[in-house]
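Inside the fold
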Amino acid sequence: MEDNIVWHQHEVNKARRGEAKKQKPCVIWLTGLSGSGKSTIANLLEKKLADKGKHTYLLDGDNVRHGLNGDLTFSDKDRVENIRRISELAKLFVDSGLIVITAFISPFKGERDYCRALLEDNEFVEVFVNTPIEECEKRDPKGLYQKARSGEISDFTGISSPYEAPETAEITLDFSGQSAQESAEQLFSQLQQKGLID
Ligand SMILES: Nc1ncnc2c1ncn2[C@@H]1O[C@H](COP(=O)(O)OS(=O)(=O)O)[C@@H](OP(=O)(O)O)[C@H]1O
Ligand SMILES: Nc1ncnc2c1ncn2[C@@H]1O[C@H](COP(=O)(O)OP(=O)(O)O)[C@@H](O)[C@H]1O
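A brief look at the structure comes next.

The rules we used
- Residues numbered from 1 in each chain as written.
- Chains lettered and ligands numbered in written order.
- Predicted model: local features only at pLDDT ≥ 70, side-chain atom pairs only at ≥ 80, totals over all residues.
- Heavy atoms only, no water.
- Near = heavy atom within 4 Å.
- Polar contact = N/O pair within 3.5 Å; in protein donor to acceptor, adjacent residues only side chain to side chain.
- Areas by Shrake-Rupley, 256 points an atom, 1.4 Å probe, with all protein chains shown as cover.
- Helix = DSSP H or I, 4+ residues; strand = E, 2+ residues; numbered from the N terminus.
- Nonpolar A, V, L, I, M, F, W, Y, C, P; charged D, E, K, R; others polar.
- 1 Å grid on protein atoms, 1.4 Å probe; cavity = no way out; pocket = protein on both sides within 12 Å on 5 of 7 lines; lining within 4 Å.
- Points joined across faces, edges and corners; volume = space filled by probe spheres on them.
- Buried < 20%, exposed > 50% of the residue type's maximum accessible area, 1.4 Å probe, protein only.
- Phe/Tyr/Trp six-rings, centres within 6.5 Å; stacked < 30°, edge-to-face > 60°.
- Lys NZ or Arg CZ within 6 Å of the ring centre and 35° of its normal.
- Axes fitted to C-alpha atoms, helices over the stretch in contact; angles between N-to-C directions.
- Parallel < 35°, antiparallel > 145°, perpendicular 65-115°, else oblique.
- Left-handed = near helix turned anticlockwise from the far one by under 90°.
- Contact = heavy atoms within 4.5 Å.
- Salt bridge = Lys/Arg side-chain N within 4 Å of Asp/Glu carboxyl O.
- Sits in = over half its atoms within 2 Å of the grid points.

1. Considerations on the site of ligand 1
Close to ligand 1 lie 22 residues, the nearest being Ser34, Arg65, Arg79, Asn82 and Ser106. Here a nitrogen atom of ligand 1 and a backbone polar atom of Asp155 are 2.8 Å apart. For ligand 1, whose accessible area on its own is 620 Å², the fraction buried by protein is 93%. Put simply, the parts of the chain that give the shell around ligand 1 at least two residues each are α2 (38–51), α3 (61–64) and α4 (76–95). Element by element, the count of residues in the shell around ligand 1 is highest for α4, at three residues. Taken together, the residues that form the shell around ligand 1 break down as eight nonpolar, eight polar and six charged.

Here it is as structure tokens:
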């Protein structure tokens, strides 16, 4: 960071912005393989929160890679940078008083922990969308597994690039044949139990 840069403390702070929105700002961080259901579950969760009048923002891998992170590849180094930028963005959105939902593969423990460390206690909820690769590959909604198997795509998570499964996620959604709607409801009620949403 440049020297000679000072932090401005503004009068209206995170607590006040959260109060105005009648909510506790936080990040609900979904992680899991491609096709595990992150985007689908995140979208359903956001709808449930919006129905309750909550102010949310959903950050999604494919979308962010079209804009802010359009310069990044799927090398390990660029995935680290991808999650670093998203973590900083999520922190700003939390500061604005929002409930932020993120849906990135975020394959490395170190980067998920980086985001956790940027936030205050109880502001970061790691949600492991634990769908086995066999099921993700069967779904293959974008045909990417097929391309990865044929070698058309390199560095594909779970096949030619690592995924470090969370060991201490606050919430784990194990897949055992339930619908995406059921997973979203399970997630919603666990967030309520943790006192993150009323
Ligand atoms: N090589 C490779 N590996 C994994 N994923 C790939 C790859 N190439 C493209 N895609 C598409 O990009 C989406 C993942 O982007 P993310 O930003 O979430 O990835 S990461 O967190 O930086 O690992 C991912 O979206 P999801 O399927 O929603 O997870 C894919 O659609
Ligand atoms: N139980 C389930 N949970 C989540 N997605 C499911 C489920 N069953 C089927 N699907 C389908 O699997 C695909 C998951 O894709 P997506 O949500 O984009 O995953 P990701 O964001 O993790 O890549 C979608 O087409 C979704 O409709």
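2. Looking at empty space enclosed by the protein
Summed over all chains, the structure comprises one cavity of 30 Å³ or more. If you add up the space inside the largest cavity, you get close to 30 Å³. Its residues assigned to classes, the lining of the largest cavity shows three nonpolar, three polar and two charged.

3. Here's the deal with the environment of Ser179
Relative to the helices and strands, Ser179 is located in the loop between β5 (171–174) and α8 (180–193). On the accessibility criterion, Ser179 (34% relative accessible area) is partly exposed. In this structure the C-alpha to C-alpha distance between Ser179 and Gly37, which are 142 residues apart in sequence, comes to 10.0 Å.

4. Topic: the packing of aromatic side chains
Working definition: an aromatic ring pair is given by the centre-to-centre distance plus the angle between the planes. For the structure on display, the rule yields five aromatic pairs. Centre to centre, the rings of Tyr145 and Phe156 are 4.9 Å apart; their planes meet at 80°, and the pair counts as edge-to-face. With Tyr145 in helix α7 (residues 144–149) and Phe156 in the loop between α7 and β5, this residue pair connects regions lying 11 residues apart in the sequence. Both residues of the pair, Tyr145 and Phe156, count as buried. The aromatic ring of Phe188 is capped on one face by Lys48, whose charged end is 5.1 Å from the ring centroid. Over the face of the ring belonging to Phe74 we find Arg65, whose NZ or CZ atom lies 3.8 Å from the ring centre.

5. As for the packing of α4 against helix α5 (residues 109–118)
Geometry of a packed helix pair, given as the angle between the helix axes and the separation of the axes. Two elements in contact, α4 and α5, have axes separated by 9 Å at closest approach and are oriented at 20°. Compared by their axis directions, α4 and α5 come out roughly parallel. In the packing of α4 onto α5, the handedness of the crossing is right-handed. Across the interface between the two elements, Val80, Ile83, Arg84, Ser87, Glu88 and Lys91 of α4 pack against Glu111, Tyr114, Cys115 and Leu118 of α5.

6. Section: the pattern of salt bridges
Applying the stated rule across the entire model yields 14 salt bridges. Where Asp95 meets Arg17, a salt bridge forms, and the shortest distance between an N and an O atom there is 3.5 Å. Remark: Arg17 occurs in helix α1 (residues 14–20) and Asp95 occurs in helix α4; sequence separation between them is 78 residues. Here Arg116 ties to Glu126 by a salt bridge, and the two come within 3.0 Å at their closest N and O atoms. Residue Arg116 is found in helix α5, and its partner Glu126 is found in strand β4 (residues 124–130); the two are separated by 10 residues along the sequence. Residue Arg116 is classed as partly exposed on the basis of its relative accessible area of 26%. Under the relative-accessibility criterion, Glu126 is labelled buried at 4%. Bridged by salt links that share partners, the residues Asp71, Glu81, Arg84 and Arg85 form one connected network.

7. Concerning the side chain of Ser34
By secondary structure assignment, the location of Ser34 is in the loop between β1 (26–31) and α2. Leaving out residues up to four positions away in the same chain, Ser34 has contacts with Ile105, Cys136, Leu144, Tyr145 and Phe156.

8. Here we look at the site of ligand 2
What surrounds ligand 2 is a group of 14 residues, the closest being Gly35, Lys38, Ser39, Thr40 and Gln178. Within the backbone of Leu33, a nitrogen or oxygen atom sits 3.4 Å from an oxygen atom of ligand 2. A distance of 2.8 Å separates an oxygen atom of ligand 2 from a polar side-chain atom of Lys38. With respect to the pocket detection grid, ligand 2 is positioned in the largest pocket. Here the shell around ligand 2 is composed, by residue class, of four nonpolar, eight polar and two charged.

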